[in-house]
Amino acid sequence: MQIQSKALPQSFSLRREIQSYIAPADGRGETSHPLLVFSVVALLTLFAIMQIDLHSAQLQAIGLLSHGTAIDPVFLSP
């Protein structure tokens, strides 16, 4: 009596599920999943904000970032 493992059919179904997310190469060029593009743009935006915050003193010294004197004090936090 032979016992069959459920791991092999599950691995094939997992492979089919992953391949359904990959666009077939039919000569039209590569396309990216919209969620991947959104994630990359969001992460790059967060990275840019963090870099500006980290180097704000240096950016103010060379004149690329204002000193915050033009902001109305009503809009600043206590």
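As shown above, the structure is provided for reference.
The following refers to the structure shown. (Residues numbered from 1 in each chain as written. Predicted model: local features only at pLDDT ≥ 70, side-chain atom pairs only at ≥ 80, totals over all residues. Heavy atoms only, no water.)

### Considering the overall build of the chain
Counting its secondary structure elements, the chain contains three helices and zero strands. When its helices and strands are written in sequence order, the chain yields α-α-α. Within the span of the chain, comprising 78 residues, buried residues form 0% of the whole. Within the structure as shown, the chain displays about 7800 Å² of accessible surface, and the carbon and sulfur contribution to it stands at 66%. (Helix = DSSP H or I, 4+ residues; strand = E, 2+ residues; numbered from the N terminus. Buried < 20%, exposed > 50% of the residue type's maximum accessible area, 1.4 Å probe, protein only. Areas by Shrake-Rupley, 256 points an atom, 1.4 Å probe, with all protein chains shown as cover.)

### Some points on the environment of I52
Here I52 lies in helix α2 (residues 34-54). I52 gets classed as partly exposed once you look at its relative accessible area, which sits at 43%. Counting along the chain gives 13 residues from I52 to L65, while the straight-line C-alpha distance between them is 9.1 Å.

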